[in-house]
Amino acid sequence: MRLLLVRHPRPEVAAGVCYGSTDVPANADETRRVHAALREAGLPSALPVYASPLRRCADLARLLAGDKLTFDARLAEMDFGAWELRSWDDIGRDTVDAWSADLLHYRPGGGESLLQVAHRVAAFRSTLHASGQPEALVICHAGTMRLLAAMQGSAALEEAALQAASTPHRIAYGEMLVLKD
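Residues numbered from 1 in each chain as written. Predicted model: local features only at pLDDT ≥ 70, side-chain atom pairs only at ≥ 80, totals over all residues. Heavy atoms only, no water.

K.L.:
What is the right way to look at the overall build of the chain in this model?
P.N.:
Per the secondary structure count, the chain includes 6 helices and 7 strands. Listing each helix as α and each strand as β along the chain from the N terminus yields β-β-α-β-α-β-β-α-α-β-α-α-β. By its C-alpha atoms, the chain is 50 × 40 × 25 Å across when sized along the principal axes. The buried share of the chain, taken over its 181 residues, is 46%. For the chain, restricting intrachain contacts to residue pairs at least 6 apart in sequence, the fraction spanning at least 24 positions comes to 72%. For the chain, the computed accessible surface area is about 8,600 Å², with 52% contributed by carbon and sulfur atoms. Each charge class in the chain was averaged separately, 19 positive and 22 negative side chains, and the resulting centres sit 5 Å apart. (Helix = DSSP H or I, 4+ residues; strand = E, 2+ residues; numbered from the N terminus. Buried < 20%, exposed > 50% of the residue type's maximum accessible area, 1.4 Å probe, protein only. Contact = heavy atoms within 4.5 Å. Areas by Shrake-Rupley, 256 points an atom, 1.4 Å probe, with all protein chains shown as cover. Lys, Arg positive; Asp, Glu negative; His and termini not counted. Charge placed at Lys NZ, Arg CZ, Asp CG, Glu CD.)

K.L.:
I would appreciate a short explanation of the nonpolar core in the present structure.
P.N.:
Nonpolar side chains tend toward joint burial in soluble globular proteins. Grouped together as the largest cluster of nonpolar side chains are 36 residues, with contacts concentrated most on Leu3, Val138, Leu147 and Met151. Mapped onto this core, the elements with two or more residues apiece are strand 1 (2-7), helix 3 (93-101), helix 4 (114-130), strand 6 (135-140), helix 5 (142-150) and helix 6 (157-166). Each residue touching Leu3, except ones within four places of it in the same chain, is listed here: Leu128, Ala136, Val138, Leu177, Val178, Leu179 and Asp181. Core analysis: the second largest hydrophobic core is formed by 15 residues, Leu4, Val34, Cys57 and Ala65 among them. (Core = buried A, V, L, I, M, F, W, Y, C linked by side-chain atoms within 4.5 Å.)

K.L.:
How do you make sense of the side chain of Glu84 when you look at a structure like this?
P.N.:
Assignment of secondary structure puts Glu84 in the loop between strand 4 (69-71) and strand 5 (86-87). For Glu84, the contacting residues outside a window of four places in its chain are Cys18, Tyr19, Gly20, Ser21, Thr22, Met78 and Asp79.

K.L.:
Explain the sheet that holds strand 7 (residues 176-180) here, please?
P.N.:
Where strands meet in a sheet, backbone hydrogen bonds hold them as pairs that are either parallel or antiparallel. Pairing is mixed across the open sheet formed by 5 strands, whose spatial order is 4-3-6-1-7. Either end of the sheet is taken by a strand with one partner, and the two such strands are strand 4 and strand 7. Recorded for the sheet is a direction-independent mean angle of 20° between the axes of neighbouring strands. As paired elements, strand 3 (residues 49-51) and strand 4 share 3 bridges and run parallel to each other. Among the inter-strand pairings, Tyr50 is bridged to a residue of strand 4, identified as Thr70. Helix 5 rests against strand 1, strand 6 and strand 7 of the sheet, and its axis sits at about 155° to strand 1. (Pairing = 2+ DSSP bridges. Axes fitted to C-alpha atoms, helices over the stretch in contact; angles between N-to-C directions.)

K.L.:
It is not clear to me how helix 1 (residues 28-40) should be interpreted in this structure. Could you clarify?
P.N.:
The α-helix winds at 3.6 residues per turn, so residues separated by three or four positions along the chain end up facing the same way. Compared with the 18 Å implied by 1.5 Å per residue over 13 residues, the 18 Å span of helix 1 between its first and last C-alpha is a close match. Among all positions in helix 1, only Thr31, Val34 and Leu38 are buried. Around the axis of helix 1, the buried residues are gathered within 70° of arc, so they sit on the same side. For helix 1, exposure combined with an orientation more than 90 degrees from the buried face picks out Asp29 and Glu40. Buried positions along helix 1 lie against strand 1, helix 2 (55-65) and strand 7. The opening residue of helix 1, the one whose side-chain oxygen lies 3.0 Å from the backbone nitrogen of Asp29, is Asn27. Two residues or fewer after helix 1 comes Gly42, characterised by a positive phi angle close to 90°. (Expected span 1.5 Å × (residues − 1). Arc of directions from axis to C-beta. Polar contact = N/O pair within 3.5 Å; in protein donor to acceptor, adjacent residues only side chain to side chain.)

What follows is the structure, encoded as structure tokens:
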């Protein structure tokens, strides 16, 4: 299966703020720009589209999908609990260090652990593979994209999650990553 993963456009949130699963919209001008750039790049128009239901993904997905759109909560970004919408600078260094010490199981802000996110993303991936579709477009988040990329090999889920977490975050807003999965 060929997966075309697209990160959502730039959200309407201040730089340096943890926004994970918070439903912040994307900047409308950025959404239009990303849509135009993807169409100009020759993105196939007949693909089934799967998207995180968070508005920063959903708005772009609606522009791209036509009638072949499926929202799937398993594609949402990590829930950072009490850290959501707080400045990363205001989140205690001791709690960030505790998260770093146990990336798989620590639940930042009381939200989701990396392993919990990996399980739901893996469940989405399994469902998609079972559909038998040769190709799909997925509008989601950088964390979800890194997890899907790390799951391509035969590593155990825990190893793939740790690999995704250790991969430097270099996925730009609106960027497309193509996986042959």
